[in-house]
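Topology and contacts: notes
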Amino acid sequence: MQTQVVQKKAEQAEPKRITWEEFERRYLSREDKFKYEWVNGLVEKTERTMNQYQFFIWTNLHRFFEDLRRAGKISGDISTEVDTFFLPKVHRRPDIVWFSDEQLVRMAKGENQVPEFVIEVVSNRDNVKKLTLKMRNYRDAGVKVVWQIHPDTEEVIVSHGKNSVTYTIDETCSAAPVLPAFAMKVSDIFKKPA
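Residues numbered from 1 in each chain as written. Predicted model: local features only at pLDDT ≥ 70, side-chain atom pairs only at ≥ 80, totals over all residues. Heavy atoms only, no water.

Another point: the pairing of strand β8 (residues 145-150). For β8, the buried fraction is high: 6 of the 6 residues fall into the buried class. The pairing of strand β7 (residues 117-121) with β8 spans 5 bridges and is classified as parallel. Across the sheet, residue V121 finds its bridge partner in β8, namely I149. Taken together, the 5 bridges between β8 and strand β9 (residues 155-160) define a ladder with antiparallel strand orientation. When the bridges of β9 are listed, Q148 appears paired with I157. Counting the residues in the hairpin turn of β8 and β9 gives 4 residues, including E154, whose phi is positive at 50 degrees. (Buried < 20%, exposed > 50% of the residue type's maximum accessible area, 1.4 Å probe, protein only. Helix = DSSP H or I, 4+ residues; strand = E, 2+ residues; numbered from the N terminus. Pairing = 2+ DSSP bridges.)

Let's shift gears to the layout of surface pockets. What the largest pocket holds in volume is close to 250 Å³. Surrounding the largest pocket, 11 residues form its lining, V39, L42, E44, K130 and L133 being those nearest its centre. Among the elements that make up the lining of the largest pocket, the one with the highest residue count is helix α5 (residues 128-140) (4 residues). Its residues assigned to classes, the lining of the largest pocket comprises 5 nonpolar, 3 polar and 3 charged. (1 Å grid on protein atoms, 1.4 Å probe; cavity = no way out; pocket = protein on both sides within 12 Å on 5 of 7 lines; lining within 4 Å. Points joined across faces, edges and corners; volume = space filled by probe spheres on them. Nonpolar A, V, L, I, M, F, W, Y, C, P; charged D, E, K, R; others polar.)

Our focus in this paragraph is the nonpolar core. In globular proteins that are soluble, nonpolar side chains generally tend to be buried together. The biggest cluster of nonpolar side chains holds 27 residues, and the ones touching the most others in it are L61, F117, W147, V156, L179, F182 and I189. At the level of secondary structure, the elements contributing two or more residues to this core comprise α3 (55-70), β6 (96-99), β7, β8, β9, β11 (172-175), β12 (179-185) and α6 (186-189). With 6 residues, α3 is the largest single contributor of residues to this core. Core analysis: the second largest hydrophobic core is formed by 12 residues, V82, V97, V143 and V146 among them. (Core = buried A, V, L, I, M, F, W, Y, C linked by side-chain atoms within 4.5 Å.)

Take it as geometry only, folks, not as evidence of what the structure does.
What follows is the structure in structure tokens.
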């Protein structure tokens, strides 16, 4: 009897793995306040990071990007929450990604592309362990630059592989070497509309 109880507890502790096809069918089209990602057969459910109170961050980044593109200093496209396989068994939906023009062409042909520049807007609801794993997945997939935007502290952590630097409100962070022209003052990232 006691063996059965221990076995049942062990079964409950082990999360259920599902196939990509099952994940695609059950989670990809959900429209609720959560973001679903598939990592090694497990479903990661987190609250969407960018809520309407943080939308101004996306607006600032997007407008800056578009100004640079119109000036001919930058190409490709930046978007929010694009479903992407970073590794064969790691599907993520980053808050913001940049894809080059060449990648956009390959994506239109049905080829998965890993972005070289990713931005995550980190909230106080984010789990540190999950965020650390996500950063490792990005590194392992060859993402060259990751920005972690922290609205609560108004800081941006810029990572190149295993090396990270924290930028504060008076400093400028850059997406170099991927997008050298995308160098933005931290204060401009957090500038709220009047």
